[in-house]
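Each chain, letter by letter, is given below.
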Amino acid sequence: MIIQFKKYRDKQSTLTCIRSDGTRTWDKLQVDFELHDLAHFAIETELGFTNAFYGLLAKGYNIQDFSLPVEQRPQALISKNLPVESLQTEHIANLLLIDHFQKNIGSDFIDQLKGMLKEDGLAFPEILTQERLEKINNSFEELISKWNALEEEGMLELSFNLI
């Protein structure tokens, strides 16, 4: 799947995903939400997750499906039905963003994540080692740099080939 982030200065940026069968889904992004979606990309590609945000989009769900009122969402995208990888990724992405803004990626990240996941009754993804976390963080920071370097109407194109 091809993932395209298009940058605009005076209006909302867009996210477009073009699936291998040629179908696509796209939406305008909330202000500064690009970083959250870039974090998802770094996490899902490094951990090989195929059942989180981009994997679900590649399987045919639409970006807008995730923001619909609960009663209008596809059954598979209601929180209690989401794949564990999807829920784990959301926690990792949120913590990664906090650490990014605090410039504080560190050894306590994994301990914090374990606590958050335990509170929500989720297993810790054993594939997430300190080494992998560093790779995720480096990839995330590189993606942010590329995004920030884009001119008006510039596009950041990524390839998600885990499916």
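This one's a predicted model, so the numbers in the text were calculated from it and none came from an experiment. (Residues numbered from 1 in each chain as written. Predicted model: local features only at pLDDT ≥ 70, side-chain atom pairs only at ≥ 80, totals over all residues. Heavy atoms only, no water.)

Caption draft 1: Region of interest: unusual backbone geometry. Not every positive phi belongs to a glycine, and Glu153 is a case in point at roughly 65 degrees. Along the polypeptide, Glu153 turns up in the loop between helix H5 (130–149) and strand E4 (155–159). Given a relative accessible area of 48%, Glu153 falls into the partly exposed group. (Helix = DSSP H or I, 4+ residues; strand = E, 2+ residues; numbered from the N terminus. Buried < 20%, exposed > 50% of the residue type's maximum accessible area, 1.4 Å probe, protein only.)

Caption draft 2: Examining the sheet that holds E4 more closely. Reading across the sheet, the 4 strands line up as E3-E2-E1-E4 and stay open at both edges, with antiparallel pairing between neighbours. Lying at the two open borders of the sheet, with one neighbouring strand each, are strand E3 (24–28) and E4. Across the sheet, the axes of successive neighbouring strands diverge by a mean angle of 15 degrees, strand direction being ignored. Where strand E1 (residues 2–6) and E4 come together, 5 bridges link them in antiparallel fashion. Across the sheet, Ile2 pairs through a bridge with Ser159, a residue of E4. On the sheet, H5 packs against E1 and E4 and is oriented at approximately 150 degrees with respect to E4. (Pairing = 2+ DSSP bridges. Axes fitted to C-alpha atoms, helices over the stretch in contact; angles between N-to-C directions. Contact = heavy atoms within 4.5 Å.)

Caption draft 3: Broad picture of the packing of aromatic side chains. Summed over all chains, the structure comprises 5 aromatic pairs. With 6.2 Å between their ring centres and 80 degrees between their planes, Phe41 and Tyr54 make a pair best called edge-to-face. Placement of the pair is Phe41 in helix H1 (residues 34–47) and Tyr54 in helix H2 (residues 53–58), with a sequence separation of 13 residues. For the residue pair Phe41 and Tyr54, the accessibility class agrees, reading buried in each case. For the pair Phe53 and Tyr54, a centre-to-centre distance of 5.0 Å together with 65 degrees between the ring planes defines the contact as edge-to-face. With respect to class, Phe53 is no different from Tyr54; both count as buried. Residue placement shows Lys7 over the ring face of Trp147; its charged tip is 5.3 Å from the ring centre. (Phe/Tyr/Trp six-rings, centres within 6.5 Å; stacked < 30°, edge-to-face > 60°. Lys NZ or Arg CZ within 6 Å of the ring centre and 35° of its normal.)

Caption draft 4: Representation of helix H4 (residues 108–119). In this model H4 runs 17 Å from its N-terminal to its C-terminal C-alpha over 12 residues, within 8% of the 16 Å that 1.5 Å per residue would give. Those residues of H4 not exposed but buried are Phe109, Ile110, Leu113 and Leu117. On an axial view of H4, the arc spanned by its buried residues comes to 90 degrees, and they lie on one face. Among the exposed residues of H4, those pointing more than 90 degrees away from its buried face are Asp111, Lys118 and Glu119. (Expected span 1.5 Å × (residues − 1). Arc of directions from axis to C-beta.)

Caption draft 5: Expanded view of H5. Taking 1.5 Å per residue, 20 residues should reach 28 Å; H5 reaches 29 Å between its end C-alpha atoms and fits that length. Burial in H5 covers these residues: Leu133, Ile136, Asn137, Phe140, Leu143, Ile144 and Trp147. For H5, the arc enclosing every buried residue in end-on projection is 130 degrees, short of the 170-degree limit, so these residues lie on one face. The exposed residues of H5 that point more than 90 degrees off its buried face are Glu131, Asn138 and Ala149. On its buried face, H5 is in contact with E1, H1, helix H3 (84–102), H4 and E4.

Caption draft 6: A look at the environment of Ile18. By the secondary structure assignment, Ile18 is in strand E2 (residues 14–18). With a relative accessible area of 18%, Ile18 lands in the buried category. Taking the C-alpha atoms as reference points, Ile18 and Met1, 17 residues apart in sequence, are found 5.5 Å from one another. Residues in contact with Ile18, not counting those within four places in the same chain, are Met1, Ile2, Gln4, Thr23 and Arg24.

Such coordinate-based values are descriptive only and should not be taken to indicate function.
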